[in-house]
Each structure stands twice: as structure tokens, then as C-alpha cells.
Amino acid sequence: MAKVTINNLTKLFGDNIVVNDISVEIPDGTLVSILGPSGCGKTTILRMIAGFEVPQAGEIFFDDQPITGISVNKRNIGMVFQSYALFPHMTVAENIAYGLEQRKLSKNEIRVKVNAALEMVHMEDYAERKPKQLSGGQQQRVALARALVIEPRVLLLDECLSALDKKLRVEMQLELRKILEETGVTTFFVTHDQEEAMTLSDYIIVMNNGIIEQMGTPFEVYEKPKNTFVASFLGKANFFERNQKLYAVRPEKVSVSKERMDNTKKIGRVSFITYSGSITSYTIQVEDKVIIAQQQNTSEKGQINKGDTVYIGWDELAQISLEA
Ligand code: ATP
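Since we're looking at a predicted model, the values are computed, not measured. (Residues numbered from 1 in each chain as written. Predicted model: local features only at pLDDT ≥ 70, side-chain atom pairs only at ≥ 80, totals over all residues. Heavy atoms only, no water.)

Peer 1: When you look at the nonpolar core in this model, what are you seeing that I'm missing?
Peer 2: Where a protein is soluble and globular, its nonpolar side chains tend to be buried together. Among the nonpolar cores identified, the biggest contains 36 residues, and Ile 96 and Leu 157 are the most heavily contacted of them. Top contributing element to this core by residue count: helix α4 (residues 136–148), with six residues. What Ile 96 contacts, discounting residues up to four positions off in sequence, is Val 114, Ala 117, Leu 118, Val 142, Ala 145, Arg 146 and Val 149. The next biggest cluster of nonpolar side chains, apart from the first, holds 27 residues, and it includes Val 18, Met 48, Ile 49 and Ile 77. (Core = buried A, V, L, I, M, F, W, Y, C linked by side-chain atoms within 4.5 Å. Buried < 20%, exposed > 50% of the residue type's maximum accessible area, 1.4 Å probe, protein only. Helix = DSSP H or I, 4+ residues; strand = E, 2+ residues; numbered from the N terminus. Contact = heavy atoms within 4.5 Å.)

Peer 1: Sorry if this is basic, but what is going on with the sheet that holds strand β14 (residues 264–276) here?
Peer 2: Each strand in a sheet pairs with its neighbour through backbone hydrogen bonds, running either in the same direction (parallel) or in the opposite one (antiparallel). Read from one edge of the open sheet, five strands run β13-β17-β14-β15-β16, paired in antiparallel fashion. Of all the strands in the sheet, just β13 (255–257) and β16 (289–296) have a single pairing partner and so form its edges. Strand-to-strand, the axes of this sheet are offset by a mean angle of 40°, without reference to chain direction. The pairing of strand β15 (residues 279–286) with β16 spans eight bridges and is antiparallel. Bridge assignment links Thr 283 to a residue of β16, and that residue is Ile 292. (Pairing = 2+ DSSP bridges. Axes fitted to C-alpha atoms, helices over the stretch in contact; angles between N-to-C directions.)

Set out below in C-alpha cells:
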């Protein structure tokens, strides 16, 4: 386990600046998601930490040790990618044992560690199966066990749950979180799914075009986004200007009612409604602008229908002040 420090890291492919002078410090034992749109440089950062790509400038430290000059296999890193890349001709147990054999551990040590790793990911009963006899979720568990069994200083996960269906993915997110809390390994998790990043992370790094827009806890980046990019990348937001300052208000902070409320700010007309079980979203036309409001569905609420005239309000505290 290690604290990871990235100082002024820059990577170019030809003239294209893919990672642009980023600096960040990741505390030991934390899980950090790197979140951002396709092509913003997420995987390239992971590949530089792993040693597959060499930066043009900057340095990466594990604790106080610079690692740029250290070869891939000496960095002691665990990796899991979207395609699980298990060795198809080896059993589950052999796949997990592989990294330990490379490190020349004794047969007995290997057996003990492989069994513990299988238990950790609840795959004890599958030790003798080949990867193709496993489901996607099971293969992903084995890939995780294989990455963790070597007791890496840093774990790199690149879109590792993306191939799973929604339900299994949510289950695996919680399981992953538990396993990583138990092992305490510093983990980088690349994703473009904001919900996944919120569920899993101690910290989220929001990237755009090779730079870090903001790093913070899930609460901070959602409740206190610095700018419009972060506010709109992590969920929905209503933006407005007042006294030449820019503000955002999250849809769930906007109250909607057919009757005037104490905090009524505007009157509008409901142009669209989407119902998704626990939540209803209202698109409300206010003069030439659109406001999105979301409300928890409770049985007592009076029904609001498309076409209704509604009062819209929010508390002053719900207004997030943004950088221009
Ligand atoms: P995605 O979410 O789509 O995986 P990403 O944020 O992980 O995207 P990267 O894979 O880091 O993005 O790629 C960043 C940019 O660098 C992209 O424009 C990509 O085309 C480019 N790129 C990545 N690897 C190479 C390479 N080996 N040679 C040239 N360009 C590359």
C-alpha cells in the first residue's frame, strides 16, 4: 500500500496533449475514481502509473519513491481491465497463482494465498474451472483475486465493471468496495459512469481534455462543483445568472407545487414528465427557459400533470456559486 503523488504529469501523442500538467496526491489506502468523458486521458494516466506509457514530463511517486524509472513488473501493481484477460488454458486457481509463481513463492505459500484470495471473492467452489466455464461476474471476481493476491502497492481498475449488466454491476460495486476496504490497497478506478464513481469512491477526480477540473469526495464534487463542467458531468443541474455571477441548482433541490409556497421563485408550465419509480422528473417551461425539478414520489402529494401551471422554488442554500 502506498500514498500516490503525481507531480506535473504530461503526456503527448504526437502534437496531441492528452494529459496536461496534472498534479494530485492520493492518500494511502483510498479509492479514487477518475471520471470524465471519452478521450479525456483517464486510461493514459493509469497506463503511466502502471509503466506502459512514459510521460514527457512530470513524476509519479509511491510514498516518497519516484517510479518513472522503474520497470512495469517491479512496480508491484495489480490491474483489472474491462476484458478480464484471464489465461484461458489455466484453471481459476492457476490463474490466481500465476503472479505468485513469478515471484518464486513456495508451493505451500502459494496454496495458502490462493485459497485466501478465492475465499475473499467467494469463488472457493470454482477453483478447478476454466475461465470459459464462468459468467462475466465470476470472471471479474477471479481477475480481482488475481490482481490482489500479489499484495500490490497500488491497484488499477479500468472500466472493470462495464461489461456486466446493470444489476450485477451494482452488486459488484458494493462487493468491490467491501473487498477494497478489507485489503486497504490504494486504488485508481477509471470509469465514465458518474453513479458508479459516486458509489465506490473516497475521492473523485473529474477530468476534461487532459486536465483535472476538480478532485473531492463524492459529496463535494456533487454538492459543491466548481464549474459548469463538473456540475453537469455529475448529474443534472439548472444554471442561472444573477448579478453577473453564475449559479447552479440541483433538480432535487427544486420544489414544485400547484399552490404558492413560501420559497416560490418562479411560475412555469409543466411541459414534460418522466416517472421512474421512486422519483418523478418535471421539465418546466419558465418564460424562455427550462427548469428541471425532481421529486421523491410519496402517496400524499397532489398529482401534477403535463400542462399544469406550477410554482417553483428553492432555498438560498441550494444555490451553488460557480467559477466563471
Ligand atoms: P475512454 O473513456 O474512451 O477509454 P480515456 O479518457 O481513457 O477514454 P485515453 O485512452 O487516455 O482516454 O485517450 C486519450 C486520448 O489519447 C485519446 O484522444 C486517444 O485517441 C489518444 N491516445 C491514446 N493512446 C494513444 C496512442 N497510443 N497513440 C496515439 N494516441 C493515443
